[in-house]
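Observations on the model geometry
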Amino acid sequence: GIGFFAFGVLFGNGTLGFGLFKFSPSTNQNVNLDKFWRVWDLVYKKYDGDVDKNQLITGATSGMVSSLGDPYTEYLTEAEAKELSNDLNGKLSGIGIEVGIKNNKLTVIAPIESTPAYQAGIRSGDIIASIDGVDSSTLTLDEAVMKIRGEAGSKVKLMIVRVGQTPKELEITRDNINVASVRSEVKTDGVGYIRIRRFGEDTASKIEEIAKQFSDQKVRGVVIDLRDNPGGYLDSSVDVSSQFINEGTVVVEEKSKFKDDKVLKATAGGKLTGVPIVILINNGSASASEIMAGALRDNGRATLVGEKTFGKGSVQEVVKLGDGSELKVTVAHWFTPKGVNISKDGIKADIEIKNSADDYNAGRDPQLEKAFEILNSKL
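Residues numbered from 1 in each chain as written. Predicted model: local features only at pLDDT ≥ 70, side-chain atom pairs only at ≥ 80, totals over all residues. Heavy atoms only, no water.

So, about the overall build of the chain. Along the chain, the regular secondary structure elements total eleven helices and 21 strands. Computed over C-alpha atoms, the radius of gyration of the chain comes to 22 Å, within 12% of the 21 Å expected from 2.2 N^0.38 for 379 residues, which places it in the range of a compact globule. Burial status across the chain gives 46% buried among its 379 residues. In the chain, 67% of the contacts between residues at least 6 apart in sequence involve partners at least 24 apart. Of the roughly 18900 Å² of accessible surface on the chain, a fraction of 48% belongs to carbon and sulfur atoms. One finds the centroid of the 47 positive side-chain charges in the chain at a distance of 3 Å from the centroid of its 52 negative side-chain charges. (Helix = DSSP H or I, 4+ residues; strand = E, 2+ residues; numbered from the N terminus. Rg over C-alpha atoms; globule rule 2.2 N^0.38 Å. Buried < 20%, exposed > 50% of the residue type's maximum accessible area, 1.4 Å probe, protein only. Contact = heavy atoms within 4.5 Å. Areas by Shrake-Rupley, 256 points an atom, 1.4 Å probe, with all protein chains shown as cover. Lys, Arg positive; Asp, Glu negative; His and termini not counted. Charge placed at Lys NZ, Arg CZ, Asp CG, Glu CD.)

Per-residue confidence for the chain averages 87 on the pLDDT scale, and 91% of its residues sit at or above 70. Note on residues 1-23: pLDDT under 50 across the span, and 74 contacts to partners over four residues away in sequence or across chains. (pLDDT = per-residue confidence, 0-100.)

As a further point, take helix 7 (residues 234-241). Where burial is concerned, most of helix 7 is hidden: six out of the eight residues are buried. In the core, the buried residues of helix 7 are packed alongside strand 13 (191-196), helix 6 (203-216), strand 15 (250-255), strand 16 (262-265), helix 8 (288-298) and strand 20 (326-335).

In this section: the pairing of strand 16. Relative to strand 16, strand 15 is paired through four bridges, and the arrangement is antiparallel. Opposite Val-252, over in strand 16, you have Leu-264 as the bridge partner. Between strand 15 and strand 16, which follow one another and run antiparallel, lie six residues. (Pairing = 2+ DSSP bridges.)

What follows is about the packing of helix 7 against helix 8. Contact pair helix 7 / helix 8: the axes reach a minimum separation of 9 Å and the direction vectors enclose 30°. Relative to helix 8, the element helix 7 lies roughly parallel. The handedness of the crossing between helix 7 and helix 8 is right-handed. Contacts between helix 7 and helix 8 involve Leu-234, Ser-237, Val-240 and Ser-241 on the former and, on the latter, Ala-288, Ile-291, Met-292 and Leu-296. (Axes fitted to C-alpha atoms, helices over the stretch in contact; angles between N-to-C directions. Parallel < 35°, antiparallel > 145°, perpendicular 65-115°, else oblique. Left-handed = near helix turned anticlockwise from the far one by under 90°.)

This part takes up the pattern of salt bridges. For the structure shown, the criterion picks out 15 salt bridges. With a closest N to O distance of 4.0 Å, Lys-155 and Glu-171 form a salt bridge. In this pair, Lys-155 is assigned in strand 9 (residues 155-161) and Glu-171 in strand 10 (residues 168-173), connecting sequence segments 16 residues apart. Its salt-bridge partner being Asp-359, residue Arg-364 comes within 3.0 Å of it at the nearest N-O pair. Members of the salt-bridge network, linked through shared partners, are Asp-225, Arg-227 and Asp-365. (Salt bridge = Lys/Arg side-chain N within 4 Å of Asp/Glu carboxyl O.)

Right, dumping it as structure tokens:
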């Protein structure tokens, strides 16, 4: 998906070779670049058109990274890197959906409420078969996102495939999308409700404020809605989880072939570590959402209601390359405190319940109703 990171910044010196072989200190091996430079020369000598060397280098770099076959490891141009930063801060112009690659298909992780996509009827799990007539299977994830995005007022045509229904093309007018990462309220029965839309830079501080307010108001329990939350910063998910579990409790384990396993634990100061919790999840809950759901469930702090999550359990680090471009690279994978491989298994709900199209059309939310029912039975 978009913006699901263990966020870090590294600076390094590139090692571009201008001979047949170049020694790469980081991998301890000689790399034969003869074919690369031969093709480079042939393009200049034979291509009947304009050649831009910077575009050649960008294309070669992007191709090298995409050859890994991991949709979350990507070379980002300066414009793409800026777009990614805007995503995590809730500033974007488009139709209001989060997308990911699932079963090798461009899939809607989440439509954002009250946006053009949501109002057009796009739902989690929808497959986007084409964008303005271009087969989405021919595009990288970032390329697809860039084609869907665009200036407010412009239009995009999407071919939507939904299980059990005839494919349909939707023409959607883009708009400015600026969605708060968190909203909350206290119900009349003293039960708190928190909707977390994404784990952005400001999410943890907002949750801390809400947790303090809920604590001061002596809420008796909390429903945390992580449905259609595509994730965000790893640190944010740990900090948010820390409001609900005790200091030192394991939140998530990070495993990588390059370094020792890393266990991330809850920090001190949680304001709601004693009240009953129910978490709502669905197949639009991904990455940082899965970390939080898994942490609170495995530590006996929450009951999970809804549907199995998306299954996006890899950690991306963003490396700034000095010219505005960036490399987003998968550096590890996440496991819940009880060892569940999020990428392989996703997070299963303790109580499975689906919201149907009829429920949606009628304005019903059986998942939310069940969450309040469970919470009230514990109080």
